[in-house]
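Commentary on secondary and tertiary structure
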Number of protein chains: 2
Amino acid sequence: MSNTEKDFLTNYNIHDYELPLTTVDMAIFTIRDEALNVLLVKRNQHPAKGKWALPGGFIDTHKDKSLDDTAKRKLVEKTGVKISHVEQVASFSGKKRDPRGWSVTIAYMALIADEHIKLIKDESSEEIQWMPVHQIGKKMSLAFDHKGILNACHERLKSKIQYTSLPVNLLPSEFTLSELQTTFEILLEKPVEKKSFRRRILSSDILEETGAMKSGPSRPAKLYQVVNKEGKNYLFPRTLEGSR
Amino acid sequence: MSNTEKDFLTNYNIHDYELPLTTVDMAIFTIRDEALNVLLVKRNQHPAKGKWALPGGFIDTHKDKSLDDTAKRKLVEKTGVKISHVEQVASFSGKKRDPRGWSVTIAYMALIADEHIKLIKDESSEEIQWMPVHQIGKKMSLAFDHKGILNACHERLKSKIQYTSLPVNLLPSEFTLSELQTTFEILLEKPVEKKSFRRRILSSDILEETGAMKSGPSRPAKLYQVVNKEGKNYLFPRTLEGSR
DNA sequence: GTAATAGTGTCTATAAGACACTATTGA
DNA sequence: TCAATAGTGTCTTATAGACACTATTAC
């Protein structure tokens, strides 16, 4: 009997080994009513039927070219949003986190702007809604270990805003510096000094003026957009500490 | 027929769905001969038999309580090292990265000190050795997408040394500030200003004097050890840029 | 005019970079 | 004594924080 890789693969049966269940779960964040919100779905099917959970599910090995595709597919299925920041956060694993058996979930977070979004119910969820993140910590329980996953995603987000421009992804395509500052303040949970903030953002060249102005009840503000949207998030040389 | 979660689980068969292969791969880093090295094994079995690869493999759903356990188990199996920094980096996935089918690997990096380590061959590897990371980029090919995984781990390491004290994990339990500085310089690939470096490290309180001195051909140096080994890595308020 | 929000000028504080200096060992 | 490496003093630089100031709109 020969021993080529081809022979090996011919005789290889993926089910000869005990494989873990592998899924993707997502914390989809947005800012609504001056607060950080995350998208939750009420599970329609066992296990954990009737419980609120992060959207997620199995990999479609026919449709998905990678886990990133799986995550983006889930995002589109629930929100219709195609372009946004989607980032792998961490994986969670173990024998007990899912009653179906040893499982692994790769957690993603997505940041989207709260504009023109219509949430989409499907066969896996009887309800879908935005929930303020600070309300989940205390009152609610989530399915599986989703509270821990949400926590990890929230921590990642809070950590990254210290030194990156990530929060721009929570805003619509055009926004004022004051709106951006408010977003940072919501995430940092403390006020940010206006001059420092503007200096930091403007000197980083991550934004450019659109030329348009946003009018309101007072002085109109310049509108900005992100430069080079496909590029990486800018890394600031110092952390933003917020007012002391 | 009732519809409880228990009934659901009774009838649930994990193999009714097409599951991806899920594995763990590790970039185990150390400093040897003034260079960053990574541990490679020569694969003894199909697929990619005979190729150099990062150590890794399947989850043992009986032994491993989590993927972190899987990673730590692999580390001990290859190096005998139990205590070290082990960190999840990212996952890699897709239909084509492994010829056996749609697969997911969770990549870990480990940082260990190059002391008293005896590399351990086992049934999965005919050879095991340290390889300088800079030699892999150009000449060598690695099995599967392991070069991409190694790259991601290397990038993560390089990024984290800018603002954390991570590299202390590459040194033995007692070391001098000069040795620590050299380690940072190897990772940053540029010289670091001595006074700035010492000020930064000493003011962070991540180290404490052991009381002992390291003698050499010149003035003896104070030996330091990490304070609070179980704690997190210290986050510096500014990045280390190295000499300009 | 006033209220409200946008946007600036400029001083201080902090931690990094530069670099010359002193200290302590072995040979 | 000298060579070598450990360790310090102190000036400069870069960027964040503080906070008062001016600018522009609607009413």
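The numbering scheme is per chain: residues are counted from 1 as the chain's sequence reads. Key to labels: chains lettered from A, ligands numbered from 1, both in the order written. Thresholds applied to this predicted model are a pLDDT of at least 70 for local features of residues and 80 or more for the giving and counting of side-chain atom pairs; totals over whole chains, interfaces and linings are not thresholded and use all residues. Working from all heavy atoms in the structure, the side-chain values ignore hydrogens and water.

**Observations regarding the packing of helix 5 (residues 177-188) of chain B against helix 6 (residues 194-203) of chain B**
Residues and elements named next belong to chain B. Each axis is a line fitted through C-alpha atoms, and for a helix only the stretch in contact is used; angles between axes span 0 to 180 degrees, taken between their N-to-C directions. Note on conventions: DSSP H or I runs of at least 4 residues are helices, E runs of at least 2 residues are strands, and numbering of each starts at the N terminus. Closest axis-to-axis distance for the helix 5/helix 6 pair is 11 Å, and the angle between their directions is 105°. Here helix 5 lies roughly perpendicular to helix 6, going by the angle between them. Contacts between helix 5 and helix 6 pair L177, S178, L180, Q181 and F184 from the former with K194, F197, R198, I201 and L202 from the latter. For this classification, Asp, Glu, Lys and Arg are treated as charged, while Ala, Val, Leu, Ile, Met, Phe, Trp, Tyr, Cys and Pro are nonpolar and the rest, including Gly, are polar. The residue makeup of the contact of helix 5 with helix 6, split by class, is six nonpolar, two polar and two charged. Each angle receives one of four descriptions, namely roughly parallel if under 35 degrees, roughly antiparallel if over 145, roughly perpendicular if within 65 to 115, and oblique otherwise. The contact rule is simple, with two residues in contact once any of their heavy atoms fall within 4.5 Å.

**Description of the interface of chain A and chain B**
Contacts between the two partners involve 41 residues from chain A, matched on the other side by 41 residues from chain B. Summing both partners gives a buried area of about 4000 Å² for chain A against chain B, and 56% of it is carried by carbon and sulfur. Salt bridge, as used here: a side-chain nitrogen of Lys or Arg that lies within 4 Å of a carboxyl oxygen of Asp or Glu. Our count for the contact surface shared by chain A and chain B stands at zero salt bridges. We define a polar contact as two N or O atoms separated by no more than 3.5 Å, with the added condition that, inside protein, one atom must be a possible hydrogen donor and the other a possible acceptor, whereas residues neighbouring each other in sequence contribute only through side-chain atom pairs. Across the contact surface, chain A and chain B share 15 residue pairs in polar contact (both at pLDDT 80 or more). Mapped onto the side of chain A that touches chain B, the elements with two or more residues apiece are helix 1 (5-10), strand 1 (21-32), strand 5 (85-94) and strand 6 (103-111) of chain A. If you tally residues by element for the side of chain A that touches chain B, the top one is strand 5 of chain A, at five residues. Two parts placed together each lose some accessible area under a 1.4 Å probe, and the buried area is that loss summed for both.

**With respect to the domain arrangement of chain A**
Residue and element names in this part refer to chain A. All the domain ranges listed were derived from an automatic or database domain assignment. Here chain A is described as being made up of domain 1 (14-160) and domain 2 (166-226). Taking the mean C-alpha position of each, domain 1 and domain 2 sit 29 Å from one another. Taken together, the 17 residues of domain 1 in the interface contact eleven residues of domain 2. For the pair domain 1 and domain 2, the summed buried area comes to about 1100 Å², and 73% of that belongs to carbon and sulfur atoms. When the area that domain 1 buries against domain 2 is broken down by residue, the three leading residues are I31, L111 and K158, summing to 39%. Inspection of the domain 1/domain 2 interface yields one salt bridge. The salt bridge involving K158 is made with E189; its shortest N-O contact spans 3.9 Å. Counting residues per element, the ones that place at least two in the side of domain 1 that touches domain 2 are strand 1, strand 2 (35-43), strand 5, strand 6 and helix 4 (146-160). The residue inventory of the side of domain 1 that touches domain 2, partitioned by class, reads nine nonpolar, two polar and six charged.

**Notes on the protein's contact with DNA strand D**
We define proximity as follows: a residue is near a molecule or strand when any one of its heavy atoms falls within 4 Å of that partner. Neighbouring DNA strand D are 29 residues, the closest being R238 of chain A together with K194, K195, R198 and S218 of chain B. Sugar and phosphate atoms constitute 51% of the interface atoms of DNA strand D, taking the interface as everything within 4 Å of the protein. A distance of 3.4 Å separates a base oxygen of DNA strand D from a polar side-chain atom of R199 of chain B. Breaking the surface near DNA strand D down by element, the ones donating at least two residues are helix 6 (194-203) of chain A together with helix 6 and strand 9 (221-226) of chain B. For the surface near DNA strand D, the residue count by class is six nonpolar, seven polar and 16 charged.

**Let's talk about the packing of aromatic side chains**
The rule is short: rings of Phe, Tyr and Trp, with Trp giving its six-membered ring, pair when the centres are within 6.5 Å, and they are stacked under 30 degrees, edge-to-face over 60, tilted in between. Per the stated rule, a full pass over the model turns up five aromatic pairs over all chains. Here the aromatic rings of Y234 of chain A and F236 of chain A are separated by 4.9 Å at their centres, their planes lie at 80°, and the arrangement is edge-to-face. Exposure is judged per residue with a 1.4 Å probe applied to protein chains only, and the accessible area is read against the type maximum: over 50% gives exposed, under 20% gives buried, and values in between give partly exposed. Residue classification places Y234 of chain A among the partly exposed residues on the basis of a relative accessible area of 30%. Residue classification places F236 of chain A among the buried positions, given a relative accessible area of 6%. Cation placement over rings: the criterion is NZ of Lys or CZ of Arg within 6 Å of the ring centroid and within 35° of the ring normal. Taking NZ or CZ as reference, R200 of chain B lies 3.9 Å from the ring centre of F236 of chain B, over its face.

**Notes on the relation of the copies chain A and chain B**
Superposing the copies works by least squares over the C-alpha atoms of residues that have pLDDT at least 70 in both of them. Aligned on chain B, chain A shows an RMSD of 0.0 Å; the corresponding rotation is 180° and the shift along the axis is 0.0 Å. On the angle and the small slide along the axis, the relation comes out as a two-fold axis. Rotation axis and chain A: the residue whose C-alpha lies nearest the axis is R238 of chain A, separated from it by 2.3 Å. A share of 100% of the interface residues of chain A reappears at the interface of chain B, consistent with the copies meeting face to face through the same patch.

**With respect to the environment of D69 of chain A**
Residue and element names in this part refer to chain A. Tracing the backbone shows D69 in helix 2 (residues 67-79). Take D69: its relative accessible area is 29%, and that puts it in the partly exposed class. Taking the C-alpha atoms as reference points, D69 and I59, separated by ten residues in sequence, lie 8.9 Å from one another.

**What about the protein's contact with DNA strand C?**
As a structural note, the neighbourhood of DNA strand C is formed by 29 residues, with K194, K195, R198 and S218 of chain A together with R238 of chain B the closest of them. Backbone atoms, meaning sugar and phosphate, form 52% of the atoms of DNA strand C found within 4 Å of the protein. A distance of 2.8 Å separates a phosphate oxygen of DNA strand C from a polar atom in the side chain of S178 of chain A. One nitrogen or oxygen atom from the main chain of P217 of chain B is found 3.4 Å from a sugar or linking oxygen belonging to DNA strand C. Secondary-structure elements contributing two or more residues to the surface near DNA strand C are helix 6 and strand 9 (221-226) of chain A together with helix 6 of chain B.

**Some thoughts on the pattern of salt bridges**
All names here are of chain A. Tallied over the full model, the rule gives 26 salt bridges over all chains. Close ionic contact of E127 with K42 constitutes a salt bridge, the shortest N to O distance being 3.4 Å. In this pair, E127 is assigned in strand 7 (residues 125-132) and K42 in strand 2, connecting sequence segments 85 residues apart. In this structure, the salt-bridge partner of K160 is E87, at a minimum N-O distance of 3.2 Å. Of the two residues, K160 sits in helix 4 while E87 sits in strand 5, which places them 73 residues apart along the sequence. Taking the relative accessible area as the measure of exposure, K160 reaches 22% and is therefore partly exposed. Given the relative accessible area of 10%, E87 is considered buried. Several salt bridges share partner residues, and in doing so they unite D64, R73 and E77 into one network.

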